[in-house]
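Here are the chains, one letter per residue:
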Amino acid sequence: MLMDARKAAVDAYKEQKTLAGIYAVRCPAIGACWVGRAPNVMTIQNQLWFALKLGSSPFRALQAAWTAQGPEGLYFEVLEKIAAEELQPFRDQALKARQQVWCERLGAVAL
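The rules behind each value
Residues numbered from 1 in each chain as written. Predicted model: local features only at pLDDT ≥ 70, side-chain atom pairs only at ≥ 80, totals over all residues. Heavy atoms only, no water. Helix = DSSP H or I, 4+ residues; strand = E, 2+ residues; numbered from the N terminus. Expected span 1.5 Å × (residues − 1). Buried < 20%, exposed > 50% of the residue type's maximum accessible area, 1.4 Å probe, protein only. Arc of directions from axis to C-beta. Axes fitted to C-alpha atoms, helices over the stretch in contact; angles between N-to-C directions. Parallel < 35°, antiparallel > 145°, perpendicular 65-115°, else oblique. Left-handed = near helix turned anticlockwise from the far one by under 90°. Contact = heavy atoms within 4.5 Å. Nonpolar A, V, L, I, M, F, W, Y, C, P; charged D, E, K, R; others polar. Phe/Tyr/Trp six-rings, centres within 6.5 Å; stacked < 30°, edge-to-face > 60°.

Draft legend 1. Representation of helix α5 (residues 91-106). With 16 residues, α5 extends 22 Å from end C-alpha to end C-alpha; this agrees with the ideal 22 Å at 1.5 Å per step. Listing the buried residues of α5 in full gives Leu95, Gln99, Trp102 and Cys103. For α5, the angular spread of buried residues about the axis comes to 105 degrees, placing them on one side. Of the residues in α5, the exposed ones pointing more than 90 degrees away from the buried face are Glu104 and Arg105. Gly107 sits one or two positions beyond α5 and adopts a positive phi of about 65 degrees.

The following block contains the structure:
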């Protein structure tokens with residue numbers, strides 16, 4: 001029974017559609033906001049937090065905020081989700097344009 005449940009979970013994971021999108025990381029204590037884009041917005045927070053925990057984030061200001069405020073001081077939010085099919089064939093350009101719009105709207109720094 002355990003193997004059946006595991007197989008069903010793996011199959012369900014493989015069937016998930018990826019959602020590209022735009023996300024923000026905010027640090028209210030210092031009034032900072034960063035906006036990024038990702039081909040799979042549902043998994044990007046785990047990637048960011050993992051790099052920040054290791055102290056190896058390529059985004060120095062974000063890493064400094066994490067170090068100063070800790071994980072409780074940063075908030076992640078998905079700003080916009082876009083189905084991957086809608087973005088083809090120019091996914092990267094479309095995401096970059098949407099990221100720029102959100103950066104201007106929020107007065108944020110691009111990641």
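Having seen the structure, we can now continue with the description.
Draft legend 2. Main features of the packing of helix α2 (residues 44-54) against helix α3 (residues 60-69). Two numbers describe how α2 lies on α3: the axes approach to 10 Å, and their chain directions differ by 70 degrees. When the axis of α2 is compared with that of α3, the two are roughly perpendicular. With respect to the hand of their crossing, α2 and α3 are arranged in right-handed fashion. Two secondary-structure elements touch here, α2 through Trp49, Ala51, Leu52 and Lys53 and α3 through Leu62, Gln63 and Trp66. Of the residues assigned to the contact of α2 with α3, the class counts are 5 nonpolar, 1 polar and 1 charged.

Draft legend 3. Region of the structure containing the packing of aromatic side chains. All told, the structure shown has 3 aromatic pairs when counted by the stated rule. An angle of 25 degrees between the planes, with centres 5.4 Å apart, marks the rings of Tyr23 and Phe76 as stacked. Residue Tyr23 is located in strand β1 (residues 19-27), and its partner Phe76 is located in strand β3 (residues 75-83); the two are separated by 53 residues in the primary sequence. Taken as a pair, Tyr23 and Phe76 share a single burial class, namely buried. Between the aromatic rings of Trp49 and Phe76, the centroid separation amounts to 6.3 Å while the plane-to-plane angle is 85 degrees, which identifies the pairing as edge-to-face. Taken as a pair, Trp49 in helix α2 and Phe76 in strand β3 lie far apart in primary sequence, 27 residues in all. Residue classification places Trp49 among the buried residues on the basis of a relative accessible area of 12%.

Draft legend 4. Examining α3 more closely. Every buried residue of α3 is listed here: Leu62, Gln63, Ala65 and Trp66. For α3, the buried positions fall inside an angular range of 160 degrees around the axis, keeping them on one side. Among the exposed residues of α3, those oriented more than 90 degrees off its buried face are Arg60, Thr67 and Ala68. Just downstream of α3 lies Gly70, where phi reads positive at about 80 degrees.

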